[in-house]
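The residues making up each chain are set out below.
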Amino acid sequence: MDESAGSGRPQPDGTDGRRPDAADGSGHSETPRPVDTDGSGSGAASGSTTGADSAEPQAPARETRAADEPARDADPLAKTPQAPQIPQDTQTPQDTQAPQTPQAPQGASGETPRDTHPEYAHATGGPAHKTPPPGGKKGPGGGLLMGRPFGVPVYVAPSWFLVAALITWVFGGQLDRVLPELGAARYLVSLFFAVAFYASVLVHELAHTVVALRYKLPVRRIQLQFFGGVSEIEKESETPGREFVLAFVGPLLSLVLSGVFYGAMRLVEPGTVPGVLLAGLMVSNLIVAVFNLLPGLPLDGGRMLRAVVWKITGKPMSGTVAAAWVGRALAISVLIGLPLLNQSGALGGETQEIGGMDTVTDALLAAILAAIIWTGAGNSLRMARLREHLPELRARALTRRAVPVESATPLSEALRRANDAGARALVVVDAEGDPMSVVREAAIVGVPEHRRPWVTVSGLAQDITEGMRISAELAGEELLDTLRATPATEYLVVEASGEIYGVLSATDVERAFVKAMARPS
């Protein structure tokens, strides 16, 4: 990549000795975008200071440059006769909240599967969706915070209360036939069973969590929800062997719990409340273990199959594709086979005639399970494609050129200097040339043209915190992690020597992210 050589510290007048005609990331010489300073243009969004594309400025001799400047689909500095329009992905000067850094594609439930960031979700008692990180006691889609075992927050989603009520009602009906003397108290026993069952699910998820922490994989949270639980592990296992172990420990713990409940059941008298509860917990944990061992994503068995294919082929993507398509075939099998097995009595019940409420209930349950498995497999494929395209996001290629200005510089003069340098961002520096803040694009847009000579850049700038100073060498997942740790509209990009390279806009990263995801694998 063609990079300009700097000759020293940037000066307040825009001088740093770099040549302005470096490549834009595509191998072509970059045509500088002018800044409108004659009252016909408006400010930029997110740190840029471009203007009308029709003007051709002289080749700049002084600038703080950023190579590989990305092309923009639309110039945010479109001319407006009066007040400039604010792009939807920017802020007004009064709005100091930073936009969110780009996030990964959403799953079927509308919740982010992370990971702009790849996540590892395990489903117990049925697959579950991944959700964004919670904030406080109750985050968006996170539910109620119940505790932090091993330092990992455990949330109960609102859908859990629906499933707990359903279990209480169904198990209460069974208790009425087995222990009719309980009367209305059977529903209290049923509620206890529902809570104990989900406690078993939590143990299943904690098994995944403990192994993930043992492998130095960060776990964002555990969530108990409809049809089971999710362990949101933020990074992928480094080897197929670790992937296999990480997936297998959950079903293994469920099998162990089933054995423990069986042993305890043998110690109590049959036909009593403890005997019925232990029998129910034994059977339910056995079902959880067997269901999760089915070899299709997003189930734990699918993760195990992915690890095996990964080991054989040496390609994680091949393992994901194979396990995801097996998961989709499994979804179709559940949709068709589960009602038929229930009708034939193969699952331990009585043979039923086709038709009636039982048939409708079986078909509805099968459809829900099949839909969750199918969409979970699709989400796994999308996440694999995300991991494949993440290396395309490079801070050096996405950074905008910037010019240094002193804090007392009028906005109109700063825009003129940016125009002469072909730059699209402004960095406020002190008398010695050290960067102090970055001028916000949205703030420039909000200043009427006739007021720009009387408005100084210091009033439009955001102070540079430690998290807003990033390396030009960041790329892929590491870049997104850095931006997510310190949400902001703009970031100062520096070389390893500390020299200013330019300004990175969060909107440019988001645009590049979406563009990369739109390309086929």
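The coordinates are above.
Thresholds, definitions, all that
Residues numbered from 1 in each chain as written. Predicted model: local features only at pLDDT ≥ 70, side-chain atom pairs only at ≥ 80, totals over all residues. Heavy atoms only, no water. Buried < 20%, exposed > 50% of the residue type's maximum accessible area, 1.4 Å probe, protein only. Helix = DSSP H or I, 4+ residues; strand = E, 2+ residues; numbered from the N terminus. Pairing = 2+ DSSP bridges. Axes fitted to C-alpha atoms, helices over the stretch in contact; angles between N-to-C directions. Phe/Tyr/Trp six-rings, centres within 6.5 Å; stacked < 30°, edge-to-face > 60°. Lys NZ or Arg CZ within 6 Å of the ring centre and 35° of its normal. Left-handed = near helix turned anticlockwise from the far one by under 90°. Contact = heavy atoms within 4.5 Å. Nonpolar A, V, L, I, M, F, W, Y, C, P; charged D, E, K, R; others polar. Core = buried A, V, L, I, M, F, W, Y, C linked by side-chain atoms within 4.5 Å. Expected span 1.5 Å × (residues − 1). Bend = angle between axes of the 7 residues up to and from the residue.

Moving on to helix H9 (residues 411–421). Taken together, the buried positions of H9 are occupied by Leu411, Ala414, Leu415, Arg417, Ala418, Asn419 and Ala421. Two residues or fewer after H9 comes glycine 422, characterised by a positive phi angle close to 65 degrees.

This paragraph deals with the sheet that holds strand E8 (residues 461–463). If you trace the 4 strands from one edge of the open sheet to the other, you get E5-E6-E7-E8, paired in mixed fashion. Sheet topology places strand E5 (403–406) and E8 at the edges, where each strand pairs with a single neighbour. This sheet shows a mean twist of 40 degrees between the axes of neighbouring strands, independent of strand direction. Bridge count between E5 and strand E6 (residues 426–429): 4 bridges; the pairing is parallel. Counted as the bridge partner of valine 405 is valine 428 from E6.

If you walk through the whole model with that rule in mind, you get 5 aromatic pairs. Ring plane angle 80 degrees and centroid distance 5.1 Å describe the contact between tryptophan 160 and phenylalanine 161, whose orientation is recorded as edge-to-face. Judged by centre distance (5.6 Å) and plane angle (85 degrees), the ring pair of tryptophan 160 and tyrosine 198 falls under edge-to-face. A residue pair is termed long-range when its members are at least 10 positions apart, and tryptophan 160 in helix H1 (residues 158–178) and tyrosine 198 in helix H2 (residues 186–214) qualify at 38 residues. One exposure class covers both tryptophan 160 and tyrosine 198, and it is buried. An aromatic cluster is defined as three or more aromatic residues linked by ring pairs; in this entry it consists of Trp160, Phe161, Phe197 and Tyr198. For arginine 221, the ring lying beneath its charged end belongs to tyrosine 155, and the centroid distance is 5.8 Å. Lying over the aromatic face of tryptophan 374, arginine 328 brings its terminal NZ or CZ to 5.1 Å of the ring centre.

Looking now at the packing of H2 against helix H4 (residues 273–292). Direction vectors running N to C along H2 and H4 enclose 35 degrees, while the axes themselves pass 10 Å from each other. Regarding H2 and H4, the two cross each other, and that crossing is right-handed. Residue-level inspection shows Val189, Phe192, Phe193, Ala196, Phe197, Ser200 and His204 of H2 in contact with H4, the latter providing Val273, Leu277, Gly280, Leu281, Ser284, Asn285, Val288 and Asn292. Partitioning the contact of H2 with H4 into residue classes produces 9 nonpolar, 6 polar and no charged.

What follows concerns the nonpolar core. If you look at the biggest cluster of nonpolar residues, it comprises 32 residues, and the most contacted ones within it are Ile470, Leu479 and Leu504. At the level of elements, helix H7 (357–389), helix H8 (395–398), E6, helix H11 (476–485), strand E10 (490–494), strand E11 (500–505) and helix H12 (506–518) are the ones that each hand at least two residues to this core. Discounting chain neighbours no more than four positions away, the residues touching isoleucine 470 are Leu479, Thr482, Leu483, Tyr491, Leu492, Val493, Val494 and Leu504. In terms of nonpolar packing, the next biggest core, distinct from the first, is built from 23 residues, Tyr198, Phe261, Leu278 and Met282 among them.

The subject of this paragraph is the packing of H2 against helix H3 (residues 240–265). Remark: H2 packs on H3, axes separated minimally by 8 Å, with the N-to-C direction vectors making an angle of 145 degrees. Handedness of the crossing formed by H2 with H3: right-handed. Contact residues: Ser200, Val203, His204, Ala207, His208, Val211 and Ala212 in H2; Val245, Leu246, Ala247, Val249, Gly250, Pro251, Leu253, Ser254, Leu257 and Phe261 in H3. Tallied by class, the residues present in the contact of H2 with H3 amount to 12 nonpolar, 5 polar and no charged.

Strand order in the open sheet made by the 4 strands is E1-E2-E3-E4, with mixed pairing throughout. Across the chains shown, the open sheet's two edge strands, defined by having one partner strand only, are strand E1 (144–147) and strand E4 (228–233). Strand-to-strand, the axes of this sheet are offset by a mean angle of 25 degrees, without reference to chain direction. One ladder, built from 3 bridges, connects strand E2 (residues 154–156) with strand E3 (residues 219–225); its direction is parallel. In the strand pairing of E3, valine 154 is matched with isoleucine 222.

All right, on to helix H6 (residues 316–344) then. With 29 residues, H6 extends 40 Å from end C-alpha to end C-alpha; this agrees with the ideal 42 Å at 1.5 Å per step. The largest bend along H6 measures about 35 degrees and falls at glycine 337, with the proline proline 339 one to four residues further on.

Negative phi characterises most residues that are not glycine, and trans characterises most peptide bonds. In this chain, leucine 297 is followed by proline 298 through a cis amide linkage whose omega measures 10 degrees. Structurally, proline 298 can be placed in the loop between H4 and helix H5 (300–313). In this structure, phenylalanine 150 is a non-glycine residue whose phi angle is positive, near 60 degrees. With respect to the helices, strands and loops of the structure, phenylalanine 150 is situated in the loop between E1 and E2. Overall, phenylalanine 150 belongs to the exposed group, its relative accessible area being 57%. Here the phi dihedral of lysine 216 falls at roughly 65 degrees; this positive angle occurs in a residue that is not glycine.

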